[in-house]
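Coordinate inspection notes
Read off the chains here:
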Amino acid sequence: VARPAGRSSAGMASSPCGNGNFDSGLEIKTRSVEQTLIPLVSQITTLINHKDKPKKSERTLAAIHRVGQAVSVAVGRFVAVGEAIATENQELKDEMGQACFEARRAGDAIAQLTDVASALPSQADGRVTVFSDRTGMVKAARLLLSSVTKVLVLADRIVIKQIITSRNKVLVTLDHLERVSTFQEFVQIFSQFGNEMVEFAHLTGDRQNDLKDEKKKARMAAARAVLEKCTMMLLTASKTCLRHPDCESARINKDGVFHRMRCALEQVIDIVTEARSCGENQLLPASIYNGIKDFKSSVECLRENLYSSSPQSMGSQLEALVERTEDFTDSAYTSHEQRQAILSVCQLARQDTQQLMNAWIEAQSVHAKEATEDMEVAILKTCQSIGDLRREVHKVAVGRATDLLKVHGEQLPLRALKTAGAEGNLEAVAEYSRKLTEQKEQLVETCRLLCHVSGTEPLEITCVHAEETFHVIGPQIISAAQTLALHPSSKIAKENLEVFCEAWESQLCDMALLLREINDVFEGRRGKLSANLKTAKAVKLDAEEQTSMAKLGLELRLLSSDLDTEVEKWEAQEHDIVRQSQSLASMAYNMYLFTRGEGLLKTTLDLFHQAEVCASVSASFSSSPPSILFSLLFY
């Protein structure tokens, strides 16, 4: 987010009134702060717009008086809230107190300047003259906006503090989870962890929606997606380690999940605190799309100024752009025809650029003040060939991704790994692991190509997230399959492999959505891009209801997962109760998935119907032996 700085600023403090005079000098990072300031700016603008018309009719004067008094009253209420925040947060007390004092002083000044009683009638026509102190009004308006903005920005620090505090709680519990040695201890701590993760998810979700910067929103969405998917992986990977403590592949699998969760937690904090480690240059590679955009801008700028840069610099800029196409031409998965098409377009761009440079040098030699006719023709041809290059690489990247999604949608390696693991066939697991690794490399490279042609920085960030996800989950699936092959009768090892495979399939679905959005941008159908990495679903549940369902879903998932591993311990006559409890947990978990836009339930009507069925199944437990029900709750 840009820092407001005069007329050229993109900052919020000046933009609502379109005038740099009200620059607060503070960064406005969130939409909530921006939206709070807009009505105030509008009211002040109403007052300032009358400064050049000192003589007012009674009707106009009354309106101005009402606006001035409204501003003063609103500031009074606002300051009261700010002072309450200062009292509850001692670290902000001095700064907040000073900002509140300045805001109250400015509000009082505006009220006084718009007070009818202080206005003097004109001797000529009897009309009242106000705003005789024009400088005083402008000064009061600037002080008010600056101080109110500062109060809002200071209050925003409290939100950031809440997110950091929530993260710290999650980290502490995560450390405890990693060190547990008994299943009973794990169940207890994981329940606490689930509640803390739900709280953290809501705080960061609100923050993501509030951020003005679309790149930060995309980064936040990527980090939150990792945390959401890793929570279930952490559950099954940890349980597998507890059940098979001497299994090396199980330990590797678990360690990978914990490491990824910690990295995602740190990324969230980097975003909300604007730490340097989340800078754009460290995250995003140089893309062909951005290279083309910058080069085309340089070419078209020649129409305005022939001497702002040199022909040699333009030639170097083109070569740097052509070098980026090597990700396409050097790829083993690029066909000969596609490679030749890209190379041909690059060569044409070089020729057209050389003609432009020649015409440019000639125009400079005769001290031309504007682009010559030859230059104009060369500019058009160069822009056309660069546009052809963009279309060619887009066609290759999107075509590659489309083909991969069709082939990998069949999930053959995953199904083969599940079967081989369940049979205890280590050789088959090794064979299909190699195939999955090859598939992973294809997907990783395809994500990199899509990043080149994505068309917006938020989509570039999403491409990088997809690349990292495939790169990490592939080896985790393999370690989970190796564990199952070593313990083919282990239900928890089987469930663990299933969870990682589901994460892979989910990322393929996200990739399909990403591909559609990239196509929309390329074809000019760009709408409001989603930063949530998944399709939204209309759910009319308030935040409290969603929180309750999310917590219940995590707890039931934990209980049902544990129950599956204990089924073998039950006597035959108790199997019906086991099956009923599994059904109940499955239905509750589907209801939880609905709040995330996932699962089998598609509409709110489906949710209500599932709740009715769930209630009827719950009622059937009333005749079950109490001892069995008690055992079901604690397994």
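Predicted model only: the values in this text are computed from it and were never measured. (Residues numbered from 1 in each chain as written. Predicted model: local features only at pLDDT ≥ 70, side-chain atom pairs only at ≥ 80, totals over all residues. Heavy atoms only, no water.)

**A few points about the pattern of salt bridges**
With the rule as written, the count across this model stands at 22 salt bridges. The partner of Lys169 in a salt bridge is Glu199, with the nearest N and O atoms 3.2 Å apart. Here Lys169, found in helix α4 (residues 134-179), pairs with Glu199, found in helix α5 (residues 183-210); they are 30 residues apart in sequence, far enough to count as distant. With a relative accessible area of 35%, Lys169 lands in the partly exposed category. By relative accessible area, which is 34% here, Glu199 ends up partly exposed. Note that Arg448 and Glu467 form a salt bridge whose closest N and O atoms lie 3.0 Å from each other. (Salt bridge = Lys/Arg side-chain N within 4 Å of Asp/Glu carboxyl O. Helix = DSSP H or I, 4+ residues; strand = E, 2+ residues; numbered from the N terminus. Buried < 20%, exposed > 50% of the residue type's maximum accessible area, 1.4 Å probe, protein only.)

**With respect to unusual backbone geometry**
The phi torsion at His367 lies on the positive side, around 60 degrees, for a residue other than glycine. Here His367 is to be found in the loop between α12 (336-365) and α13 (373-408).

**Things to note about the packing of helix α10 (residues 311-324) against α12**
Where α10 meets α12, the closest approach of the two axes is 10 Å, and the angle between their N-to-C directions is 170 degrees. Compared by their axis directions, α10 and α12 come out roughly antiparallel. Residues Pro311, Met314, Gly315, Leu318, Glu319 and Val322 of α10 form the contact with α12, whose participating residues are Cys346, Ala349, Arg350, Thr353, Leu356, Met357, Trp360, Ile361 and Gln364. (Axes fitted to C-alpha atoms, helices over the stretch in contact; angles between N-to-C directions. Parallel < 35°, antiparallel > 145°, perpendicular 65-115°, else oblique. Contact = heavy atoms within 4.5 Å.)

**What about the nonpolar core?**
Core analysis: the largest hydrophobic core is formed by 104 residues, its most contacted members being Phe193, Leu234, Met261, Phe328, Leu450, Ile477 and Trp504. For Trp504, the contacting residues outside a window of four places in its chain are Gln411, Leu414, Leu436, Gln439, Lys440, Leu443, Phe470, Ile473, Gly474 and Ile477. With 21 residues, the next largest nonpolar core counts Phe78, Ala86, Met137 and Ala140 among its residues. (Core = buried A, V, L, I, M, F, W, Y, C linked by side-chain atoms within 4.5 Å.)

**Description of helix α6 (residues 214-243)**
Taking 1.5 Å per residue, 30 residues should reach 44 Å; α6 reaches 44 Å between its end C-alpha atoms and fits that length. Bending of α6 peaks at approximately 30 degrees at the position of Cys230. By the criterion of burial, α6 is predominantly enclosed, with 25 of the 30 residues buried. Two or three places before Lys215, at the opening of α6, Asp213 has a side-chain oxygen 2.8 Å from that residue's backbone nitrogen. (Expected span 1.5 Å × (residues − 1). Bend = angle between axes of the 7 residues up to and from the residue. Polar contact = N/O pair within 3.5 Å; in protein donor to acceptor, adjacent residues only side chain to side chain.)

**A word on the state of the cysteines**
Counted under the stated rule, the structure contains zero disulfides. Free cysteine Cys447: the closest other cysteine sulfur is in Cys463, separated by 6.7 Å. You can call Cys447 buried: its relative accessible area is 1%. (Disulfide = S-S within 2.5 Å.)

**Quick word on the packing of aromatic side chains**
Going through the model one piece at a time under the given rule, you end up with three aromatic pairs. Centre to centre, the rings of Phe190 and Phe193 are 5.9 Å apart; their planes meet at 45 degrees, and the pair counts as tilted. Placement of both Phe190 and Phe193 in helix α5 is noted, with a separation of three residues, approximately one turn of the helix. With relative accessibility at 0%, the residue Phe193 sits in the buried group. (Phe/Tyr/Trp six-rings, centres within 6.5 Å; stacked < 30°, edge-to-face > 60°.)

**Description of the packing of helix α14 (residues 412-422) against helix α17 (residues 491-522)**
Where α14 meets α17, the closest approach of the two axes is 11 Å, and the angle between their N-to-C directions is 180 degrees. Classified by the angle between their axes, α14 and α17 sit roughly antiparallel to one another. Where α14 abuts α17, its residues Leu414, Leu417 and Lys418 lie against Leu497, Glu498, Cys501, Trp504 and Glu505.

**A word on α14**
Along α14, the residues that are buried comprise Pro413, Leu414, Ala416, Leu417, Ala420 and Gly421. Down the axis, α14 shows its buried residues gathered within 165 degrees of arc, on one side only. Those residues of α14 that are buried lie in contact with α15 (426-453), α16 (457-486) and α17. Positioned one or two residues after α14, Gly424 has a phi angle of 70 degrees, which is positive. (Arc of directions from axis to C-beta.)

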